[in-house]
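Remarks on the overall topology
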Amino acid sequence: MDSATQRAWSWHKQGLDGSLSGSNSAEVFARAGWARSVGGANPYLSLFARAGIRREQADADVAALHIHELPTARGCTYVLGADDFAWALLLGQGAAEATVKVLGKLGVERGEVTDLADKTLRVLQDAGQPLDPKQLKDQLGDAVRSLGEEGKKKGASTTLPTVLGLLQADGRIRRVPVNGRLDQQRYAYTTWGLPPATESADQARARLMENYLGWTGGATLKQTQWFTAFTVAQTKAALAATGAVEAPASETPGLWMLPADAEESANFTAPQEEQIQLLAGTDSLFLLRRNAADHFADEDRDRQLLSAKLALQADLPDHPIVDRGRIIGLWQYDPGTERIAHWLFDAPTKAVTQRIQEVEEFIREDLGDFRSFSLDSPASRQKRIDAINAAATSR
């Protein structure tokens, strides 16, 4: 495939071509991949772009545990569907255990960690409702040890966060967003009792690899390792378990694909009609392989904003406007004017203008603002909003 067809292929595999219309939240994440949240609005826009799902429905699905935000691959949190909860948690247990080793270097023995975990569970069970970290710490009292300045330097001011991470990683407790929304990072904790995964660690890695290659439509060894954090040996074993094949004809060397995708992609042709979406910079189309640069056409690779070449940045600093996998512009939401500031590389078409209006209305009515991450604020992004407006005026 040439680069344009390859972009359209990834677009299709991500369900951004309308093929996920009518799907529910869990089905979207199963097909397109788990949504990175980091306290931002990406999960909401991921669902809206692919299936037209509004925030009210997404929040209801969170409350009903059809979808949930959990720590999984690389120890990072993603929003995923219920069918993936148990085995996805298995993938994040190593990261949770790593924090126990940090406590060990600070003089905290494993027995103390286990004891605090047991007490934390009892407190949550007796409470009968979610408790935030401060409420937990108040009720646990001296059982939570302060680790002083040395602990702060190592990112562990007390023993409680490590214990909460361990209890989450094995499904005994879960985090609950205090206002029911995914685009914030204030949580309380409640007991869960999720049945353990039936997969072994090797089987969980193979399952993730199969899903990952299906979500992306193909990835290089380096890309798979970035997302999964598997070792080289684990990566090769997982690829072998899925029966993955190396694509014989591609502009991306070393591209591994599922056999069915390799066969389908050989006969794939890019759609002729425009398919416009406004996506988050952390959308799965880009984040899963961290390859935003591949989504710029050759004639757009030298475009700059705030003196930085867009195609040279590993992660997009702004949100992209995309047509069949090709980035055709950038946007940010300006809550002061309740409008989307946007810069299109070429003159707008009717389809582009219409989609900008639709997403603008969605953000205004459902979200109120569009944060990239928890600390994003209108003030912090004003410089980029101004730069986008200036670039649009200049064009």
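What comes next concerns the included structure.

Basis of the calculations
- Residues numbered from 1 in each chain as written.
- Predicted model: local features only at pLDDT ≥ 70, side-chain atom pairs only at ≥ 80, totals over all residues.
- Heavy atoms only, no water.
- Axes fitted to C-alpha atoms, helices over the stretch in contact; angles between N-to-C directions.
- Helix = DSSP H or I, 4+ residues; strand = E, 2+ residues; numbered from the N terminus.
- Parallel < 35°, antiparallel > 145°, perpendicular 65-115°, else oblique.
- Contact = heavy atoms within 4.5 Å.
- Nonpolar A, V, L, I, M, F, W, Y, C, P; charged D, E, K, R; others polar.
- 1 Å grid on protein atoms, 1.4 Å probe; cavity = no way out; pocket = protein on both sides within 12 Å on 5 of 7 lines; lining within 4 Å.
- Points joined across faces, edges and corners; volume = space filled by probe spheres on them.
- Core = buried A, V, L, I, M, F, W, Y, C linked by side-chain atoms within 4.5 Å.
- Buried < 20%, exposed > 50% of the residue type's maximum accessible area, 1.4 Å probe, protein only.
- Phe/Tyr/Trp six-rings, centres within 6.5 Å; stacked < 30°, edge-to-face > 60°.
- Pairing = 2+ DSSP bridges.
- Polar contact = N/O pair within 3.5 Å; in protein donor to acceptor, adjacent residues only side chain to side chain.

**Notes on the packing of helix 11 (residues 221–228) against helix 12 (residues 232–242)**
Helix packing geometry: the angle between the two helix axes and the distance between the axes. Where helix 11 meets helix 12, the axes come as close as 10 Å, and the angle between the chain directions of the two elements is 110 degrees. Here helix 12 runs roughly perpendicular to helix 11, going by the angle between their axes. Of the residues in helix 12, those in contact with Leu221, Thr224 and Gln225 of helix 11 are Val232, Thr235 and Leu239. Of the residues that constitute the contact of helix 11 with helix 12, the class distribution is three nonpolar, three polar and no charged.

**Side note on the layout of surface pockets**
Counted as a void, the largest pocket has a volume near 510 Å³. The wall of the largest pocket is formed by 24 residues, among which Thr99, Pro161, Thr162, Gly165 and Gln168 lie closest to the centre. Taken together, the residues of the lining of the largest pocket sort by class into eleven nonpolar, ten polar and three charged.

**A look at the nonpolar core**
By size, the foremost hydrophobic cluster in this structure holds 33 residues, and its most contacted members are Ile321, Trp331, Ile340, Ile363 and Phe370. Counting residues per element, the ones that place at least two in this core are helix 2 (25–32), helix 3 (42–51), helix 4 (55–63), strand 8 (276–278), strand 12 (326–334), strand 13 (339–344) and helix 15 (350–367). At six residues, the largest contribution of residues to this core is made by helix 15. One finds Trp87, Leu194, Ala204 and Ala238 within the second-largest nonpolar core, a separate group that totals 27 residues.

**A closer look at unusual backbone geometry**
Notably, Val38 is not glycine yet its phi reads approximately 45 degrees, a positive angle. With relative accessibility at 23%, the residue Val38 sits in the partly exposed group. We note that Arg324 has phi near 50 degrees; this positive angle belongs to a residue other than glycine. Here Arg324 lies in the loop between strand 11 (319–323) and strand 12.

**Thoughts on the packing of aromatic side chains**
Across all of its chains, the model carries twelve aromatic pairs by this definition. Ring geometry for Trp9 and Phe268: centres 5.4 Å apart, planes at 70 degrees, overall edge-to-face. Of this pair, Trp9 sits in helix 1 (residues 3–13) while Phe268 sits in the loop between helix 13 (259–265) and strand 8, placing them 259 residues apart in sequence. Overall, the relative accessible area of 17% leaves Phe268 in the buried class. Relative to Phe227, the ring of Trp215 has its centre 6.2 Å away and its plane inclined at 90 degrees; by these criteria the two rings are edge-to-face. With Trp215 in helix 10 (residues 201–216) and Phe227 in helix 11, this residue pair connects regions lying twelve residues apart in the sequence. On the basis of relative accessible area, Trp215 is assigned to the buried category, the value being 2%. Here Phe227 falls in the buried class, since its relative accessible area comes to 1%. Put simply, the rings of Trp34, Tyr78, Trp87, Tyr212, Trp215 and Phe227 pair up and form one aromatic cluster.

**Notes on the environment of Leu310**
Position of Leu310 among the secondary structure elements: in the loop between strand 10 (308–309) and strand 11. As for Leu310 and His12, which are separated by 298 residues in sequence, their C-alpha atoms are 24 Å apart. Apart from the residues within four sequence positions on either side, Leu310 is in contact with Phe296, Arg303, Leu305, Leu330, Trp343 and Phe345.

**Examining the sheet that holds strand 1 (residues 35–36)**
Read from one edge of the open sheet, three strands run 1-3-2, paired in antiparallel fashion. Each end of this open sheet is capped by a strand with a single partner; those strands are strand 1 and strand 2 (67–71).

**Here we look at the side chain of Thr242**
Residue position: Thr242 is located in helix 12. Of note is the side chain of Thr242, whose polar atom sits 2.8 Å from the backbone oxygen of Leu239.

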